[in-house]
Amino acid sequence: MKIKLLSLMSVFLMQPLFATERSVTLDVQNMTCAACPITVKKSLANIEGVSQVTISYADKTAEVSYNDALTTPDTLTDATTNAGYPSTVQEDKSNQQAK
Ligand SMILES: [Cu+2]
């Protein structure tokens with residue numbers, strides 16, 4: 001009985017009930033050539049919970065879809081910063097009512 005309860009609890013811990021798919025747009029600095037977006041994309045795509053990354057070299061932005069139970073915008077900006085491309089979260093008006 002006890003063991004069953006524990007394993008049930010660990011399932012809940014592994015898969016939080018309120019996981020939501022979210023997307024943010026990051027302003028990315030230092031993208032100076034056509035190869036830079038590839039590095040930025042890799043740094044973001046490697047994060048657990050990130051499902052989609054779209055880089056715009058022209059706009060110097062990265063659009064990231066992620067599971068908010070697995071990662072946070074801070075983790076995303078840290079990852080690009082560690083790769084040499086400091087980024088900040090762009091305020092997205094269309095997402096605000098979902099918060
Ligand atoms: Cu480059």
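Up top you'll find the structure we're talking about.
All values reported here derive from a predicted model rather than from experimental measurement.

Student: I'd like to hear about the pairing of strand β3 (residues 61-67), residue by residue, with values.
Tutor: Going residue by residue along β3, you find Ala 62, Val 64 and Tyr 66 tucked away on one face and Thr 61, Glu 63, Ser 65 and Asn 67 left uncovered on the opposite face. Pairing analysis gives seven bridges linking strand β1 (residues 21-28) to β3, with the strands arranged antiparallel. Counterpart to Glu 21 in the pairing with β3 is Asn 67. Note: strand β2 (residues 50-56) against β3, six bridges, orientation antiparallel. Residue pairing for β3: Thr 54 is matched across the bridge by Glu 63. Two successive antiparallel strands, β2 and β3, enclose a turn made up of four residues, where Lys 60 displays a positive phi of approximately 60°.

Student: Give a detailed account of helix α3 (residues 73-82), specifying residues and quantitative values.
Tutor: Within the span of α3, buried status applies to Leu 76, Thr 77, Ala 79 and Thr 80. Angularly, the buried residues of α3 cover 155° about the axis, an arc narrow enough to put them on a single face. Exposed residues pointing more than 90 degrees away from the buried face of α3 are listed as Asp 74 and Asn 82. On its buried face, α3 is in contact with β1, α2 (36-45), β3 and β4 (87-90). Gly 84 sits one or two positions beyond α3 and adopts a positive phi of about 105°.

Student: Please provide a residue-by-residue account of unusual backbone geometry, values included.
Tutor: The phi dihedral of Asn 30 falls on the positive side, at around 75°, and the residue is not glycine. With respect to the secondary-structure elements, Asn 30 resides in the loop between β1 and α2. Non-glycine residue Lys 60 carries a positive phi angle of around 60°. Within the fold, Lys 60 resides in the loop between β2 and β3. A count of 19 C-beta atoms within 10 Å places Lys 60 in the partly exposed class.

Reading the values: the criteria
- Residues numbered from 1 in each chain as written.
- Predicted model: local features only at pLDDT ≥ 70, side-chain atom pairs only at ≥ 80, totals over all residues.
- Buried ≥ 20, exposed ≤ 12 C-beta atoms within 10 Å, placed from the backbone.
- Helix = DSSP H or I, 4+ residues; strand = E, 2+ residues; numbered from the N terminus.
- Pairing = 2+ DSSP bridges.
- Arc of directions from axis to C-beta.
- Contact = placed C-beta atoms within 7 Å.

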